[in-house]
Amino acid sequence: MLTVVTGGSGSGKSELAENIAVKSDGKKYYIAAMEPFGEEAMRRIQRHRKMRAEKGFETIEKYTDIDELIFTHNDIVLLECMSNLCANEIFSGRTQKNAAADKIISGIEIINNMVSQFIIVTNEIFSDGILYDKETMEYMKVLGEINRRVFEFADNVIESVYGIPYILKGNLI
Amino acid sequence: MYLITGGAYQGKTDYTVSTFRIDERNIADGKTVVIEEINKFLCIKNFHILVKRMINAGKTSEEMKIIVDSLDENTIIITDEIGNGIVPINRFERNWREQTGRLCCYIASISRKVIRLSGGIPVIIKDECR
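Residues numbered from 1 in each chain as written. Chains lettered and ligands numbered in written order. Predicted model: local features only at pLDDT ≥ 70, side-chain atom pairs only at ≥ 80, totals over all residues. Heavy atoms only, no water.

*Asks:* Looking at this model, I keep getting lost on the interface of chain A and chain B. Mind explaining?
*Replies:* Where interface size is quoted, it is often the accessible area lost as the parts come together. With 27 residues of chain A at the contact, the number on the chain B side is 25 residues. Interface of chain A and chain B: buried area, both sides summed, is about 2000 Å²; carbon and sulfur atoms make up 54% of it. The largest share of the area that chain A buries against chain B comes from Ser9, Tyr162 and Ile164 of chain A, three residues that together contribute 35% of it. In this assembly, chain A and chain B are joined by three salt bridges. Counting every contact that joins chain A to chain B gives 10 residue pairs in polar contact (both at pLDDT 80 or more). Secondary structure elements with two or more residues in the side of chain A that touches chain B: helix H2 (38–53), helix H5 (134–153), strand E6 (156–161) and strand E7 (164–169) of chain A. Considering every element that reaches the side of chain A that touches chain B, the biggest residue donor is H2 of chain A, with five residues. (Contact = heavy atoms within 4.5 Å. Buried area = accessible area lost by both parts, 1.4 Å probe. Salt bridge = Lys/Arg side-chain N within 4 Å of Asp/Glu carboxyl O. Polar contact = N/O pair within 3.5 Å; in protein donor to acceptor, adjacent residues only side chain to side chain. Helix = DSSP H or I, 4+ residues; strand = E, 2+ residues; numbered from the N terminus.)

*Asks:* Which parts of the structure should I look at to understand the pattern of salt bridges?
*Replies:* Two side chains bearing opposite charge may form a pair once their charged atoms approach each other closely. All names here are of chain B. Under the criterion given, the structure shown has 21 salt bridges over all chains. Notably, a salt bridge pairs Arg116 with Glu81, separated by 2.9 Å at the nearest N-O pair. Taken together, the residues Arg116 in strand E5 (residues 113–118) and Glu81 in the loop between strand E4 (76–78) and helix H4 (91–110) connect sequence positions 35 residues apart. Judged by relative accessible area, Arg116 falls into the buried class, the value being 10%. (Buried < 20%, exposed > 50% of the residue type's maximum accessible area, 1.4 Å probe, protein only.)

*Asks:* Sorry if this is basic, but what is going on with the nonpolar core here?
*Replies:* Note that soluble globular proteins tend to have their nonpolar side chains buried in a common cluster. Ranked by size, the top nonpolar core spans 35 residues in total, and within it Phe71, Ile108, Phe118, Tyr139, Ile146 and Val150 of chain A carry the most contacts. Elements with a contribution of two residues or more to this core: strand E1 (2–6), strand E2 (28–32), strand E4 (76–80), helix H3 (82–91), helix H4 (97–114), strand E5 (117–121) and H5 of chain A. Element by element, the count of residues in this core is highest for H4 of chain A, at seven residues. Residues within four places of Phe71 of chain A in sequence aside, it is in contact with Tyr29, Ile31, Ile60, Val77, Ile111, Met114 and Val115 of chain A. Membership of the second largest hydrophobic core comes to 30 residues, among which are Leu3, Met64, Leu71 and Cys105 of chain B. (Core = buried A, V, L, I, M, F, W, Y, C linked by side-chain atoms within 4.5 Å.)

*Asks:* Whenever I open this one, the sheet that holds E4 of chain A confuses me. Can you help?
*Replies:* Across a sheet, paired strands are connected by hydrogen bonds in the backbone, their directions being either parallel or antiparallel. Residue and element names in this part refer to chain A. Taken in spatial order, the seven strands make up an open sheet running E3-E2-E4-E5-E1-E6-E7, and their pairing is mixed. Strands at the two margins of the open sheet, each flanked by one partner only, are strand E3 (57–61) and E7. Sheet twist, expressed as the mean angle between neighbouring strand axes with direction ignored, is 20°. Relative to E5, E4 is paired through five bridges, and the arrangement is parallel. Paired with Glu80 across the bridge in E5 is Val121. Across the sheet, helix H1 (residues 13–22) is in contact with E1, E2, E3, E4, E5, E6 and E7; its angle to E1 comes to roughly 160°. The sheet contacts of H5 involve E1, E5, E6 and E7, and relative to E1 the element is tilted by about 140°. (Pairing = 2+ DSSP bridges. Axes fitted to C-alpha atoms, helices over the stretch in contact; angles between N-to-C directions.)

Structure representation (structure tokens):
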């Protein structure tokens, strides 16, 4: 079962995704894709760690190549966040821009086939109407493509609007 | 509390005036209202700008929560949804988006209704009155 939780900054999407994950029985893993660059990132990561601590997740730091991870069929896996994973794949220089979407989608499919619940947090970064530099626009294009492709085969797609789940597809599990 | 949200220029204020039958003169504007006087109003628009002004006035997130708690339980908060873009490079802008989001998550959690306007169409996100 694949569930995607999307939302903007401060939309409460992480907490919503975690609350979905804790409803299911099984060993819970958290794939952290955010690389801790600088003090502010450290603070964000600590905030997320604290939120997860009580919820019984084991954290796996994986900034690229999620297809290398191994799980079993009873596991519940939460990936946070697609926007970081996408940026890491593109900007690490290890993946060609036009191959990043295919690579991430394939990684998602592999994990989804391995586990009982796969929950992905992604990011709504597309609605500020600002024309950014070429690199940023290309990043937005790749993330937009990934979101569209994942939403297509996901069982549930939920947008967090200030912590309130708004269902775009499927159900709130 | 009632939370009305959505992008800029989506008809949030018009919807509020017609649905809640509020005289537009009784709506406080987050751009101009005196921060200490917001609890005199039953409706506040441009709440996201009010958050920016509160941050500029040195209010912490806890203090802003206390201000929200001082509002009447029937208060209608109208806010632009501002988090759906690229994370700003500017530290203040980044903090403002984050703080507005967190505070609105709190308001949504204590609201009876959360309504999001898209091109003038209201989408009921939360309704405890049903």
